[in-house]
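Now for the letters of each chain:
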Amino acid sequence: MEQKHRRILQQHRSNLVKALNPEDVYDKLLSKGVFTQDMIDEIQSKATRRDQARQLVKDLETRGSLAFPAFLDSLRETGHNDLAELLQSGDGVHRPPAIPVQPSPIPLPVQNPNYTEKPDKPDIASPRLVPLRPESLPVHKTVSPPSETVVRPARPRRDSIQCYKMDASPCGFCLIINNINFEKASELNDRKGSNIDCDKLEKRFKTLNFEVTVKRNLKSKRIRHEMASLAKKDHSTFDCCVVIILSHGTEASHNRFPGAVHGVDGPAVPIQIITNYLNGQNCPSLQGKPKLFFIQACGGGEKDIGFEVSPDDVQPSIGGIDDEMDAIPMSSSSDSLSTASDELDARASLPTPSDILVSYSTFPGYVSWRDTEAGSWYVENLDRVLEENAVTDDLVTMLMLVNDAVSQIAAKGLYKQMPGSFNFLRKLLYFQSSQS
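One numbering rule holds for all chains: residues counted from 1, following each sequence as written. Selection of residues for local features in this predicted model requires a pLDDT of at least 70, selection of side-chain atom pairs for listing and counting requires 80 or more, and totals for whole chains, interfaces and linings are taken over all residues. With hydrogens and water stripped out, all remaining heavy atoms of the structure feed into the side-chain values.

1. Re the pattern of salt bridges
Point 1. A side-chain nitrogen of Lys or Arg and a carboxyl oxygen of Asp or Glu constitute a salt bridge if their distance falls within 4 Å. If you walk through the whole model with that rule in mind, you get 16 salt bridges.
Point 2. We note a salt bridge from Arg-54 to Asp-51, for which the minimum N-O separation is 3.0 Å. Taken together, the residues Arg-54 and Asp-51, both in helix 5 (residues 49-60) and three residues apart, mark about one turn of the helix.
Point 3. Three exposure classes are used, based on accessible area relative to the maximum for each residue type with a 1.4 Å probe and protein chains only: buried under 20%, partly exposed in between, and exposed over 50%. We classify Arg-54 as partly exposed; its relative accessible area is 34%.
Point 4. With a closest N to O distance of 3.2 Å, Asp-239 and Lys-165 form a salt bridge. Residue Asp-239 is found in the loop between helix 13 (220-232) and strand 3 (240-246), and its partner Lys-165 is found in the loop between helix 11 (132-151) and strand 1 (172-178); the two are separated by 74 residues along the sequence.
Point 5. Taking the relative accessible area as the measure of exposure, Lys-165 reaches 22% and is therefore partly exposed.
Point 6. In this structure, a network of salt bridges that share partners links the residues Lys-28, Lys-32 and Glu-77. Strands here are runs of E lasting at least two residues and helices are runs of H or I lasting at least four, both read from the DSSP assignment and numbered beginning at the N terminus.

2. Regarding the packing of aromatic side chains
Point 1. Ring pairs are drawn from Phe, Tyr and Trp, using the six-membered ring of Trp, whenever the two centres fall within 6.5 Å, and their geometry is named by plane angle: stacked under 30 degrees, edge-to-face over 60, tilted for the rest. In the structure shown here, the tally under the stated rule is eight aromatic pairs.
Point 2. Taken together, a centroid distance of 6.4 Å and an interplanar angle of 65 degrees make the contact between Phe-257 and Phe-422 edge-to-face. You can see Phe-257 sitting in the loop between strand 4 (249-250) and strand 5 (260-262) and its partner Phe-422 sitting in strand 14 (residues 420-423), a full 165 residues away along the chain.
Point 3. For Phe-257, a relative accessible area of 2% corresponds to the buried category.
Point 4. The partly exposed category is assigned to Phe-422, whose relative accessible area is 29%.
Point 5. With a centroid separation of 5.8 Å and 75 degrees between ring planes, the pair formed by Tyr-360 and Phe-422 is classed as edge-to-face. Here Tyr-360 is found in strand 10 (residues 356-360), whereas its partner Phe-422 is found in strand 14, with 62 residues between them in sequence.
Point 6. Residue classification places Tyr-360 among the buried positions, given a relative accessible area of 8%.
Point 7. Aromatic ring contacts, followed pair by pair, group Phe-205, Phe-210, Phe-294 and Phe-431 into a single cluster.
Point 8. Residue placement shows Lys-233 over the ring face of Phe-173; its charged tip is 5.1 Å from the ring centre. A ring is considered to have a charge above it if a Lys NZ or an Arg CZ atom is located within 6 Å of its centre and within 35 degrees of its normal.

3. Examining the nonpolar core
Point 1. What is meant by a nonpolar core is a set of buried Ala, Val, Leu, Ile, Met, Phe, Trp, Tyr and Cys residues, joined one to another through side-chain atoms within 4.5 Å. Membership of the largest hydrophobic core comes to 35 residues, with the highest contact counts inside it found for Phe-205, Phe-210, Leu-292, Phe-294 and Phe-431.
Point 2. Of all the secondary structure elements, the ones that give two or more residues to this core are strand 1, helix 12 (194-207), strand 2 (210-216), strand 3, strand 7 (291-296), helix 16 (377-389) and helix 17 (395-407).
Point 3. Element by element, the count of residues in this core is highest for helix 16, at six residues.
Point 4. Ignoring anything within four residues of it in the chain, the contact list for Phe-210 reads Met-166, Cys-171, Gly-172, Phe-173, Cys-174, Phe-205, Cys-240, Val-242 and Phe-431.
Point 5. Ranked by size, the runner-up nonpolar core spans 28 residues in total, among them Leu-218, Ala-231, Ile-271 and Tyr-360. Contact between two residues is taken to exist if any of their heavy atoms lie within 4.5 Å; hydrogens are not considered.

Pasting the structure below:
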């Protein structure tokens with residue numbers, strides 16, 4: 001940016017911080033190439049509107065010679081004409097064409113003196129011009145919304161301070177770990193029906209425009225290896241990352257995310273360690289982007305028999321006759337969780353796990369049910385809800401629908417299951433869909 005333009009921004013920084021709503025101009029600056037989405041996400045991470053406006057002005061000073069005129073255009077296009085005129089009045093290059101225009105159109109002399117020329121007594125003596133200003137503002141406001149809809153015509157949910165950007169193609173990587181056949185020494189049964197879950201979710205996330213990779217029958221060390229490989233990938237052109245684990249599970253000590261999943265050799269890998277690989281510290285190219293984990297595994301060995309409610313409250317359904325559990329005896333719940341390497345990984349997880357959501361098929365400590373012929377209750381309903389609601393609903397809303405559907409099923413006519421999630425997302429998340 002030219003030095004004179006930097007001086008103008010610095011001179012009027014306090015006015016910009018007071019009057020500018022940065023959210024109004026994000027899309028304009030993005031479409032004009034002044035800022036990247038990562039830069040906008042960084043500005044949006046500031047706590048208050050004033051802090052965001054202050055950071056936006058500071059960042060503008062580093063964005064080249066076209067940034068200043070592009071910022072002026074963005075202000076005008078979003079109805080901030082007073083701020084645009086304020087900045088333009090300090091620019092010697094742009095000021096000459098602005099001076100002859102001021103006497104003729106009514107809005108300009110009303111806006112400019114009122115905003116920057118308060119000592120000018122002659123304009124104060126003409127208060128009859130003031131009522132014209134409200135009449136001119138609706139003109140700007142009626143022009144502004146159509147211009148905003150032009151910027152985000154198909155996806156008004158995307159690229160805003162309330163919603164994650166989710167329009168990259170492909171949207172991101174999706175890793176599915178499907179453990180079916182367990183080694184005899186593990187004392188864990190094979191997970192019949194898990195291939196049904198895997199096939200459903202592979203197709204579903206391909207439909208949601210993810211690049212899906214499936215890994216089968218991984219030992220515990222291999223689970224860690226695959227997560228490390230995923231963390232080393234370049235996610236900079238993507239908007240999201242998904243990890244799905246279908247396995248036996250158990251309880252585990254934790255700071256944030258409970259539970260652990262077993263490799264086919266028996267030892268378990270804590271969910272907390274799995275999420276660590278993709279957090280902001282260990283995977284920089286996913287910083288500020290949503291990282292989603294879907295866990296179909298038991299959270300422990302307890303069976304929930306539920307409690308009696310009025311028939312009007314639920315519409316209960318009976319699970320299949322071949323329902324099985326993805327759990328192991330509680331006596332081995334903490335095996336392989338106290339090694340020195342696990343302690344090091346746990347300490348690496350201490351940075352705040354922002355932008356992470358872990359969805360569990362069952363409440364921590366309880367078993368998760370799987371029909372050997374139809375697949376697990378959780379995956380069956382997750383797939384159905386994504387198919388029916390991804391066009392209109394955000395992820396958290398859809399997970400509540402999954403919770404409700406699974407809660408109404410009963411294994412063997414008796415046992416219940418309650419999915420849930422640990423949500424550290426900062427914004428709403430809408431998946432891509434062929435209909436959106």
